[in-house]
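Structure at a glance
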Amino acid sequence: MTDLLTLENATNLLMLCFLQAVLGFDNLLYISIESQRAPVAQQKSVRTWGIIVAVALRVVLLFVMIKLIDALSAPFFIMDWVGVLEGGVNFATIVFVVGGIFIMYTAVKEIAHMLSMDDLGHDVSGKSGKSATQVVIMIVIMNLIFSFDSVLSALAITDVFPILAFAIILSGLAMLLLADGVTRFLEKNRMYEVLGLFILLIVGVVLLGEAGPAAAHAVHDDTLNIKVFGKDIIPMSKSTFYFSVLVLVAVEIIQSGYSRKLAAQRHAEQKH
């Protein structure tokens with residue numbers, strides 16, 4: 001135990017907590033949006049149990065990855081369709097591709113659902129498109145997919161399992177504290193739910209980009225980077241992602257303020 005109480009481990013823990021906070025935003029957003037598909041009376045418990053089970057499984061995933069990191073990183077398939085599709089595929093590649101496609105599908109499906117609704121009020125009060133169990137399962141699965149890149153990043157900082165596990169548990173507690181607040185905000189400001197879905201759409205693109213060099217980075221061989229029509233798939237940097245999110249938020253705030261101003265002006269003109 002005393003071996004863990006070192007300045008290096010304390011510094012690594014602080015860095016890991018910061019990393020989990022930065023990478024956990026999109027995860028928390030997904031949990032808040034997906035939980036609203038459960039019956040209204042069960043949404044809070046769905047978020048709570050979804051996060052608890054997901055964090056427990058994330059610790060298990062971390063333990064497994066520490067033990068099997070070499071086996072997971074080795075490419076098991078090489079694409080050699082020269083000039084069209086080239087590169088290596090490993091476990092991380094599959095996770096990023098499946099996760100990215102599923103998140104983009106979820107976002108597009110929810111946006112289409114919003115556009116097809118005839119009665120917004122009925123949708124808010126009667127959301128029950130999925131059972132509580134189905135939503136919890138989806139939250140757990142997507143939490144694990146979201147956590148894959150954060151676990152890999154965390155392993156680059158330290159391989160001390162207790163420190164890594166403690167950082168994951170702290171991030172889970174933070175999500176438990178914030179999930180209800182984020183959900184209430186989205187329910188009261190439904191225009192931001194659309195914003196959230198478009199952010200998720202970008203997250204899907206980010207995950208697809210992460211798939212490109214996954215095998216190449218794992219074995220330190222740039223020739224395994226996935227190429228489509230001769231062009232490398234390059235991941236979107238975190239700074240670019242968060243800048244895009246800030247731009248979307250700024251546009252939404254300005255648009256909402258301008259719309260309210262126009263509505264007030266029209267109302268005043270009608271009274272006169």
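Reading guide: rules and limits
- Here the residue numbering is sequential within each chain, running from 1 through the sequence in written order.
- Owing to the predicted nature of the model, reporting of local features is limited to residues with pLDDT of at least 70; listing and counting of side-chain atom pairs is limited to 80 or more, with chain, interface and lining totals taken over all residues.
- With hydrogens and water set aside, each side-chain value is computed from the structure's full complement of heavy atoms.
- A helix here means a DSSP run of H or I that spans at least four residues, while a strand means a run of E at least two residues long, and both kinds are numbered starting from the N terminus.
- The contact criterion used throughout is that any non-hydrogen atoms of two residues lie within 4.5 Å.
- We get accessible surface area from the Shrake-Rupley algorithm with a probe of 1.4 Å; when it comes to residues, only the shown protein chains can shield them.
- A 1.4 Å probe rolled over the protein chains alone gives each residue an accessible area, and that area as a share of the maximum for its type sets the label: buried under 20%, exposed over 50%, partly exposed in between.
- By the convention used here, strands pair only if DSSP detects at least 2 bridges between them.
- Each salt bridge in this description consists of a side-chain nitrogen of Lys or Arg and a carboxyl oxygen of Asp or Glu lying within 4 Å of one another.
- Residues enter patches when they are more than 30% accessible in relative terms and free of salt bridges; like-charged ones are connected within 9 Å and nonpolar ones (Val, Leu, Ile, Met, Phe, Trp, Tyr) within 5 Å.
- Two N or O atoms count as a polar contact when they lie within 3.5 Å, although within protein this holds only if one can serve as hydrogen donor and the other as acceptor, and sequence-adjacent residues are included solely when both atoms are side-chain atoms.
- Side-chain atoms within 4.5 Å link the members of a nonpolar core, which is a set of buried Ala, Val, Leu, Ile, Met, Phe, Trp, Tyr and Cys residues.
- Across the chain, each position has a pLDDT score giving the predictor's confidence in that residue, from 0 to 100.

When you go through the protein residue by residue, the secondary structure sums to 10 helices and 4 strands. In the protein, the succession of α and β elements from N to C terminus is α-α-α-β-β-α-α-α-α-α-α-β-β-α. For the protein, contacts bridging at least 24 residues in sequence account for 83% of all contacts bridging at least 6. About 14,900 Å² of surface is accessible on the protein, with carbon and sulfur atoms providing 70% of the total.

Here we take up unusual backbone geometry. Residue His-220 is not a glycine yet carries a positive backbone phi of 55°. If you trace the backbone, His-220 turns up in the loop between helix 9 (214-219) and strand 3 (227-228). Not every positive phi belongs to a glycine, and Phe-229 is a case in point at roughly 55°. Of note, Phe-229 is situated in the loop between strand 3 and strand 4 (231-232). For Phe-229, a relative accessible area of 61% gives the class exposed.

Quick look at the sheet that holds strand 1 (residues 77-81) now. Pairing is antiparallel in the open sheet, where 4 strands are placed in the order 1-2-3-4. If you trace the sheet from one side to the other, it starts and ends with strand 1 and strand 4, each paired once. In the sheet, strand 2 (residues 85-89) pairs with strand 3 via 2 bridges, with the strands oriented antiparallel. The residue bridging Leu-85 from the neighbouring strand is Val-228, located in strand 3.

A few words now on the pattern of salt bridges. Evaluation of the coordinates by the stated rule reveals 1 salt bridge. For the salt bridge of Asp-232 with Lys-227, the shortest nitrogen-to-oxygen distance reads 3.5 Å. Classification of Lys-227 as partly exposed rests on a relative accessible area of 21%.

Bringing the pairing of strand 1 into the picture now. Within a regular strand, the side chains alternate between the two sheet faces. In terms of strand pairing, strand 1 meets strand 2 through 5 bridges, oriented antiparallel. Within strand 2, the position partnered with Ile-78 by the bridge is Gly-88. Counting the residues in the hairpin turn of strand 1 and strand 2 gives 3 residues, including Gly-83, whose phi is positive at 80°.

We now examine a nonpolar patch on the surface. Taken together, the side chains of Trp-49, Ile-52, Val-53, Leu-57, Val-60, Phe-63 and Val-64 define a hydrophobic patch exposed on the protein surface, amounting to about 590 Å² of accessible area. Summarising the element assignment, Leu-57 is placed in helix 3 (residues 43-73). Judged by its relative accessible area of 36%, Leu-57 falls in the partly exposed class.

With that settled, the discussion passes to the side chain of Asn-90. Inspection of the secondary structure assignment puts Asn-90 in the loop between strand 2 and helix 4 (91-116). There is a polar contact of 2.8 Å between the side chain of Asn-90 and the side chain of Thr-93.

A few words now on the environment of Phe-63. Turning to its location among the elements, Phe-63 is positioned in helix 3. As for Phe-63 and Phe-161, which are separated by 98 residues in sequence, their C-alpha atoms are 7.1 Å apart.

Another aspect to go through is the nonpolar core. Membership of the largest hydrophobic core comes to 24 residues, with the highest contact counts inside it found for Phe-96, Ile-103, Met-142, Ile-199, Leu-200 and Phe-241. For this core, the secondary-structure elements that each account for two or more residues are helix 2 (25-35), helix 4, helix 6 (132-157), helix 8 (191-211) and helix 10 (238-271). Ranked by residues supplied to this core, first place goes to helix 8 with 9 residues. Counting 19 residues, the second-largest nonpolar core is a separate cluster that includes Ile-31, Val-135, Ala-165 and Ile-168.

Here we take up the confidence of the model for the protein. Taken as a whole, the protein shows an average pLDDT of 75; of its residues, 76% reach a score of 70 or greater. In the model of the protein, helix 5 (residues 120-125) stands out as the element of lowest mean pLDDT, 47, in contrast to strand 3, which has the highest, 91. Across residues 120-128 the pLDDT falls below 50, and counting only partners more than four positions away or on other chains, this stretch makes 18 contacts in the model.

The next thing to look at is the environment of Ile-33. Tracing the backbone shows Ile-33 in helix 2. Along the primary structure Ile-33 and Val-194 are separated by 161 residues, whereas in three dimensions their C-alpha atoms are 10.0 Å apart.

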